[in-house]
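Reading the structure
Below are the chains, spelled out letter by letter.
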2 protein chains.
Amino acid sequence: MSQEHLGLMAAILSEKGVTHAVVSPGSRNAPAIIALSQSKKIKLLSIADERSAGFYALGMAQQLRRPVALLCTSGSAALNYAPAVVEAYYQKVPLLVITADRPEEWIDQGDGQTIRQRDIYANYIRKSFHLPHAVAAPENLWQFSRQLNEAIDRTLFPAPGPVHVNLPLREPLYDIRPFDLSKMPRTIRLLPVETLIPQEELLRLADIWNKAGSKLILAGQMTPGHKLETLLSRFAEDPSVAILTETTTNLNLPGCIRCIDRTIEGISDKLIAGFTPDILLTFGGAVVSKKIKSLLRKMQPAQHWHINPDTEDFHLDTYLSLTLTIPAGPETFFRQLAPHLQTTESNYRALWAERDKAHRERHHTYLASAPFSDFRVFELLFRHIPRTTCLHLGNSTPIRYAQLFDEASEFETWSNRGTSGIDGSVSTAAGAAIISEKPVTIITGDIGFLYDSNALWNTNPPAGLRIILINNGGGNIFRFIPGPDRFEELEPFIETAHSFSAEGIARNFGFSYFSAGDAGSLSRALQPFFGKQENNRPALLEVFTPSKTSAQVLKDYFKFIIS
Amino acid sequence: MSQEHLGLMAAILSEKGVTHAVVSPGSRNAPAIIALSQSKKIKLLSIADERSAGFYALGMAQQLRRPVALLCTSGSAALNYAPAVVEAYYQKVPLLVITADRPEEWIDQGDGQTIRQRDIYANYIRKSFHLPHAVAAPENLWQFSRQLNEAIDRTLFPAPGPVHVNLPLREPLYDIRPFDLSKMPRTIRLLPVETLIPQEELLRLADIWNKAGSKLILAGQMTPGHKLETLLSRFAEDPSVAILTETTTNLNLPGCIRCIDRTIEGISDKLIAGFTPDILLTFGGAVVSKKIKSLLRKMQPAQHWHINPDTEDFHLDTYLSLTLTIPAGPETFFRQLAPHLQTTESNYRALWAERDKAHRERHHTYLASAPFSDFRVFELLFRHIPRTTCLHLGNSTPIRYAQLFDEASEFETWSNRGTSGIDGSVSTAAGAAIISEKPVTIITGDIGFLYDSNALWNTNPPAGLRIILINNGGGNIFRFIPGPDRFEELEPFIETAHSFSAEGIARNFGFSYFSAGDAGSLSRALQPFFGKQENNRPALLEVFTPSKTSAQVLKDYFKFIIS
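Rules and cut-offs
- Residues numbered from 1 in each chain as written.
- Chains lettered and ligands numbered in written order.
- Predicted model: local features only at pLDDT ≥ 70, side-chain atom pairs only at ≥ 80, totals over all residues.
- Heavy atoms only, no water.
- Pairing = 2+ DSSP bridges.
- Helix = DSSP H or I, 4+ residues; strand = E, 2+ residues; numbered from the N terminus.
- Axes fitted to C-alpha atoms, helices over the stretch in contact; angles between N-to-C directions.
- Buried < 20%, exposed > 50% of the residue type's maximum accessible area, 1.4 Å probe, protein only.
- Salt bridge = Lys/Arg side-chain N within 4 Å of Asp/Glu carboxyl O.
- Polar contact = N/O pair within 3.5 Å; in protein donor to acceptor, adjacent residues only side chain to side chain.
- Contact = heavy atoms within 4.5 Å.
- Disulfide = S-S within 2.5 Å.
- Domains from an automatic or database assignment.
- Buried area = accessible area lost by both parts, 1.4 Å probe.
- Nonpolar A, V, L, I, M, F, W, Y, C, P; charged D, E, K, R; others polar.
- 1 Å grid on protein atoms, 1.4 Å probe; cavity = no way out; pocket = protein on both sides within 12 Å on 5 of 7 lines; lining within 4 Å.
- Points joined across faces, edges and corners; volume = space filled by probe spheres on them.
- Least-squares fit on C-alpha atoms with pLDDT ≥ 70 in both.
- Parallel < 35°, antiparallel > 145°, perpendicular 65-115°, else oblique.
- Left-handed = near helix turned anticlockwise from the far one by under 90°.
- Patch = residues over 30% accessible without salt bridge, like charges linked within 9 Å, V, L, I, M, F, W, Y side chains within 5 Å.
- Areas by Shrake-Rupley, 256 points an atom, 1.4 Å probe, with all protein chains shown as cover.

Focus on the sheet that holds strand 9 (residues 279–283) of chain A
All names here are of chain A. With parallel pairing, five strands are arranged side by side in an open sheet as 8-7-9-10-11. In the strand order of this sheet, the two ends are held by strand 8 (241–244) and strand 11 (324–326), each with one partner. Going across the sheet, the axis of each strand differs from the next one's by a mean of 15°, ignoring polarity. Of the pairings in the sheet, the one linking strand 7 (residues 215–219) to strand 9 comprises five bridges and is parallel in character. Bridged to K215 within strand 9 is I279.

Overview of the pairing of strand 9 (residues 279–283) of chain B
In terms of residue burial, strand 9 of chain B counts as a mostly covered element, since five of its five residues are buried. With burial as the criterion, each face of strand 9 of chain B is covered, one bearing I279, L281 and F283 of chain B and the other bearing L280 and T282 of chain B.

Here's the deal with the pattern of salt bridges
The full count for this structure, using the stated rule, is 64 salt bridges over all chains. Each of K92, R126, D310, E312 and D313 of chain A takes part in one network of salt bridges that share partners.

Notes on the side chain of D310 of chain A
All names here are of chain A. Position of D310 among the secondary structure elements: in the loop between strand 10 (303–307) and strand 11. Within the structure, D310 has its side chain in polar contact with the side chain of R126 (distance 2.4 Å). In this structure the side chain of D310 is engaged in a polar contact, spanning 2.9 Å, whose partner is the backbone nitrogen of E312. Among residues more than four places away in sequence, those in contact with D310 are K92, R126 and A159.

With respect to the environment of T441 of chain B
Residues and elements named next belong to chain B. Within the fold, T441 resides in strand 14 (residues 440–445). Look at T441 and you get buried, because its relative accessible area is 1%. Apart from residues no more than four positions distant in its own chain, T441 is found in contact with I385, T389, C390, L391, H392, R466, I468 and F530. For T441, the side chain forms a polar contact with the side chain of T389, separated by 2.9 Å.

Re the state of the cysteines
Residue and element names in this part refer to chain B. Counting across every chain of the model gives zero disulfides over all chains. We note that C259 lacks a disulfide partner, and the nearest cysteine sulfur, in C256, lies 11 Å from it. Residue class for C259 comes out buried when judged on its relative accessible area of 0%.

Topic: the environment of H364 of chain A
All names here are of chain A. Of note, H364 is situated in helix 13 (residues 348–369). Taking the relative accessible area as the measure of exposure, H364 reaches 40% and is therefore partly exposed. In sequence terms H364 and I561 are 197 residues apart; their C-alpha atoms lie 9.7 Å from each other.

Notes on the sheet that holds strand 11 (residues 324–326) of chain B
All names here are of chain B. Taken in spatial order, the five strands make up an open sheet running 8-7-9-10-11, and their pairing is parallel. The strands lining the two open edges of the sheet, one partner per strand, are strand 8 (241–244) and strand 11. Across the sheet, the axes of successive neighbouring strands diverge by a mean angle of 15°, strand direction being ignored.

Here's the deal with the domain arrangement of chain A
Residues and elements named next belong to chain A. According to the domain assignment, chain A consists of domain 1 (4–172), domain 2 (199–354) and domain 3 (370–561). For domain 1 versus domain 2, the distance between C-alpha centres works out to 39 Å. The partner domain 2 presents nine residues to the seven residues of domain 1 that form the contact. Counting the surface lost from both domain 1 and domain 2, the interface buries some 560 Å², and carbon and sulfur atoms represent 32% of this. Linking domain 1 with domain 2 are four salt bridges, by the criterion used here.

Topic: the interface of chain B and chain A
A common way to express how large an interface is: the accessible area buried when the components associate. If you look at the interface, chain B gives 83 residues, while chain A gives 83 residues. Of the roughly 7,000 Å² buried at the junction of chain B and chain A (both faces included), carbon and sulfur atoms supply 57%. Taken together, the connections running from chain B to chain A amount to six salt bridges. In this structure, K293 of chain B engages D111 of chain A in a salt bridge whose closest nitrogen and oxygen atoms are separated by 3.6 Å. At the boundary of chain B with chain A, the tally comes to 32 residue pairs in polar contact (both at pLDDT 80 or more). Classifying every residue of the side of chain B that touches chain A gives 39 nonpolar, 29 polar and 15 charged.

Quick look at empty space enclosed by the protein
This model, assessed by the stated rule, comprises five cavities of 30 Å³ or more. Put simply, the largest cavity is a space of about 90 Å³. Lining the largest cavity are 16 residues, and of these R51, Y451 and N454 of chain A together with R51 and N454 of chain B lie nearest its centre. Where the lining of the largest cavity is concerned, the elements lending two or more residues are helix 3 (50–64) and helix 17 (446–451) of chain A together with helix 3 (50–64) of chain B. Broken down by class, the residue content of the lining of the largest cavity amounts to three nonpolar, six polar and seven charged.

Here we look at the relation of the copies chain B and chain A
Look at the two chain copies: a rotation about an axis and a shift along it is all it takes to match them. Once chain B is rotated about the relating axis by 180° and shifted along it by 0.0 Å, it coincides with chain A to within an RMSD of 0.0 Å. A rotation of that kind, with that shift, is consistent with a two-fold axis. Ranked by how close their C-alpha atoms come to the rotation axis, the residues of chain B are headed by G504 of chain B, at 2.0 Å. Comparing contact sets, 100% of the residues at the interface of chain B also lie at the interface in chain A, consistent with an isologous, same-surface contact.

Some points on the packing of helix 8 (residues 228–236) of chain B against helix 12 (residues 330–337) of chain B
Residues and elements named next belong to chain B. Packing of helix 8 against helix 12 leaves a shortest axis separation of 10 Å and a crossing angle of 45°. Taken together, the axes of helix 8 and helix 12 are oblique relative to one another. Classified by chirality, the crossing of helix 12 by helix 8 is left-handed. Counted together, L228, L231, L232 and F235 of helix 8 and P330, E331, F334, R335 and L337 of helix 12 form the full contact between these two elements.

What to know about a nonpolar patch on the surface
There is a patch of nonpolar side chains on the surface, built from L156, F157, L190, L191 and V193 of chain A and spanning about 470 Å² of accessible area. With respect to the secondary-structure elements, L156 of chain A resides in the loop between helix 6 (138–154) and strand 6 (162–168).

As for the packing of helix 1 (residues 4–15) of chain B against helix 2 (residues 30–39) of chain B
Residue and element names in this part refer to chain B. As a packed pair, helix 1 and helix 2 sit with axes 8 Å apart at the nearest point and diverge in direction by 50°. Taken together, the axes of helix 1 and helix 2 lie oblique to each other. As helix 1 packs across helix 2, the resulting crossing turns out to be right-handed. Contact residues: L6, G7, M9, A10 and L13 in helix 1; P31, A32, A35, L36 and S39 in helix 2. Looking at the contact of helix 1 with helix 2 residue by residue, the classes come out as eight nonpolar, two polar and no charged.

Okay, here's the thing in C-alpha cells:
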C-alpha cells in the first residue's frame, strides 16, 4: 500500500494556510513527517516531549493566529498532548492535532503502542475526525480530503480551538511517493462572515444603556492586537461608566482601573451598594481576579450583558446575574453601539477612580520601604523589562503579582489562563519566541519552571527567549490562599519545598545563566541578561527570594493599602 | 459546609487496604491531602509534576500488588495523569486516581482551573465514579461510601487496572473536621473467587494437547513472583513442546528459548513449516518481539489457545489464528492440566533448542570482538549488575537489547509495555525503589531519560535507586527500524539528535553522578556506582556510546548470527 495520501495531507494543509508543524519523533508517524518535510512549504520543528511540543504549538499559534499542526506517533504520545489541548480549548487557540494511529483492526489486539485513540480528547476538543487508511478508492479520497478541509477550518470557525485528526496508517510505512498534485481534489473554502446586531435590537440596548446611571465594564483575557482601545475610549469618558481591565486584557487605555485586586480590597458590605452597577457588561476570556468574581457574585447587578461570539459556550453566567448574551464580537458590539451613545451624568466613574488613585498612592508608599521579596522583584522587573518584549506570565504567582502593577499594561501580555495550569507556560513562551519578531520574556515561579523544564530541550532554542525564574523555594502561592496555613501537616505536601536551583538544567541545555539574590545584583544582572548572548543563546535569570518574607510582604500589602 | 466526608474517604481507603498515596500540591485538593495525612494510616508522597506522580504510583503499585492512590487538583492536572493511567490500563496495574474537582454547577461557567473532568479518561479506565459534594444527606453518605468501596475493589477485580474517582468540593474548602469513626458506614467486601475449567472441558483439551505433535508456548509479560516455573517445568521436558519467553516474562526455567529475536532470525519461508506448531498456547501481557508476532502471523497455526483471566479483553487475536480463549488464570490452567499430561514423542523441541544453541554460540563469538557500542555496554551491564537488583528496562532500546541476553532472565524485570511509551520509565523505577526492599536499577536511553527527567525531582529520592543512562546522542531506535534510513530529510526530525548530558540535571537534584566512555571506564565505574553513596543519595551513571557505530554493530549482529 502506498502512503501517497500523506503527500495529499501535506498539500491540503499548506493550501489551507498551515505554515508550521511541531513534530515529535516516532515510528508510526515517521512517514507523515517525511511527507510534511518533502512538501517544503511547511516549517517543521522537532520537540521530543509531546507535552512540551503541545505547548510550543500553542505559543506559536497564539502569535500566528492561524492553526499550527501537531504530529505525534501512536499510543500514549497522544495523551501527552492533552494538557496543551485542554488549554487551547478553553483559551480558544487554533491547533490541528494529528495523531498517527495503528490500523483500526489492530486496536485492543495485543499490538504495541496501540490504544483507543478515536475521540481520545472527547471532553476538550472542537471536533474529532478519523481519517481513512488510504485513498485508492474515490469515496476514501473524497472522505480524506473533505474531512481535512473541515478539520482545518474548524480550528478557526465558529471560534478558534483545537481539532483532532486521527490518522491510522498501515504497513509498509515507508512506501512514500510524492502526491501527484494534478490529482489534487478541490479545496473547500469557508467564507468569512460578520455577525451583526439588528438595528431594532441595537436601539433598544442603547436606550437601556443610556438611561442607566451606572455601568461597569469588565474585560477578561484578550489577544494582543485587538482594536478595542479606540472603540472603548468613548466609554471611558462617560461619567456613568467604569472600566475594569486586567494585564491579560491587553488594553492600555487611560482611565481604566487596571489593578482590580488592589482597588477593590476593602469594599465592605457597607460600601458595596455604591459600587454595584445598574448594568454589568463583560467580554473576553478568563478573568484572573478571584476577588472581583466573588464581589460581583455578591453584588448581583440587575442586568448583566455578556458579549461572546463563540456559539459553543453562550450563557456563561460567571457572576450569577447574567440576563443577556450577545453572540457577536466585542468589536462589532462597541462599533455598532457607538453612534447611539449618550453621556449620562453620574458620579459612578469618579467613585471607582478615586479609590483606584488612593490605593495606587498607598501602593507606592508601601513598596518604597518593603524588604527584598517576590513583590519587590516584580516592581524592579516591571520597571526594567524592555517595553518591546512580548511578556509571558506563568501560573500561578507571576500572573497574580502582575495584576498589582499599572506598568504591566504597557506590555503585550500572554498567559495560559484557559485552565490556568502550570504545566506548559515555559514551552508556550518558547513557541512564541520562535514566531515573534519581538523578544519574548517569561516570568515563572520555580514549580512551574521545573514542571516544564523540558521547554529548554530543543536543539535550536530561539535566541530571543528570556526566562526569569523567581525561586522562593516552592509553591508559595498556597501561603496566600486563606485556609491552609492553619494546617501544619500540610506543609510538606502542599508546598513542594525544595532547594533546587535551575543552573544545572540551564547549562545542560545551552542557556546562558544569570542569578541574583538581592535588589542590587538583580539590577546589575538585567542589562547583560537582556543583551545579546554568546553564540546567540537564549538566557535564564534565576532570582532567589526569601519564601516567608515574600508571603508576609504580600499579606501586609493588602492590609496597608486599606489602612 | 463541612469537609468531614474527606475524613470518611481516608477511613474507607485505609479500611480497604490502601496504604500509600502519591499527592501533587494544589489548592482544590488541599483539604483531601489534609484528610489523608490526618488519618496517619496512609503514607503520603508528594510529587509536583502529575505526569511523573502517575508513574511513581504505577511503580509503587507494581511492587505492592495493591492499589496506590493518586490525588491531584482540578483542571489540566488530571490530564497529566493520563499517560500513566493508559499504561496502567494496558499493563493491568491497580491505580486509584482521585481528581479533586470544582462543584458541578461551575463547570463551563468561566471559573478557573475548571474543565469537564467527568469521564475524562473514558477510553482507558476500568470504571469512572463521580462522588457527591457532601454526605450530610443519608442518600449521599450511602452513595459516597458505596462508590468508594466499589472503586477500590474495581482496581483489582475482575483484573487489575486504573479506576477514576472524581471528587467535587465546594467552598469553604478548609472547614475540615476529623470524621467521627463511630459513624463509619459498613465496609462492603468482595469475596475472592477462583475460576476453574470444568472437568469435561479439561479432559477434552488434554486429549487434543496430548495428541498434537508440536506445541509452542509463548509467554508475554508477567509480574515477578508468579508460581509458573514449577508448573511449566513438566511442559519444558516434553519433546513436543517448545517454550518461548521474554525478559519481561520473569520465568527463569532451563530449556526455554529466552532470546526470541536472536533465535528466530533467519527462519525463511523454506524453514517456516518445520517451526509451525499444531497448537500455539499463549498467556501473559504484551510481547516485546515484533519479529515473533510477524512470524506467527505468517505461520497461522491450526489452533491458537489464549489464556486470559480478564473478562474485559477476551478474544485477543494477536496472531490472526485464535481458536480458543480460556478465561482463567495461567496458574489455574497449568495446574489443572498437569495431571492429564502425556509425553508426546517429537523432534519439535529439539528443532528449536538446536537453533537457539547455534545462535547463542554465534552471539558470544560476535560480541567477543565487537567494538565499544550500545550492544557491548549491555553485555557488560548484564554481567555486572548485582543479581539482587530489581531491574527496570526503559522503552524502546533498552528493553529490545535485553531480549538478546540470556542473562537478562536472571533478574526480576519490569518494563512499561502496556503502551510501550517512553514517558514514565524513570519515574516508575523511582516509585518501585520507594517500596522495594531490593535496590532498583533502571537502564534508560537518553531520550527516555530527558523525557522523564522530572522523576529526579523529589525532595527525598530513594537511596536504592540507580539510573544507568546510555547516551548515544538520541533516538537511535529509528536506525534499527527498516525504512527511515532511506529518507535523509528525516534525520533532524526523527532522531532528536542532541549533545546534552545528564550531569547538570543529576547534580541539580542531588544525585551522585558517574560517567563512562569506554569499556574500561565503565567497568571501573560500576562498583562505586552500585555502592552506598554519600548522604545515602541515589546515583546516575551516564555511559556515552558512539551513535553510528552502535547502530552498525546491531545490524551486523543479526547478519552474523545467521551467516
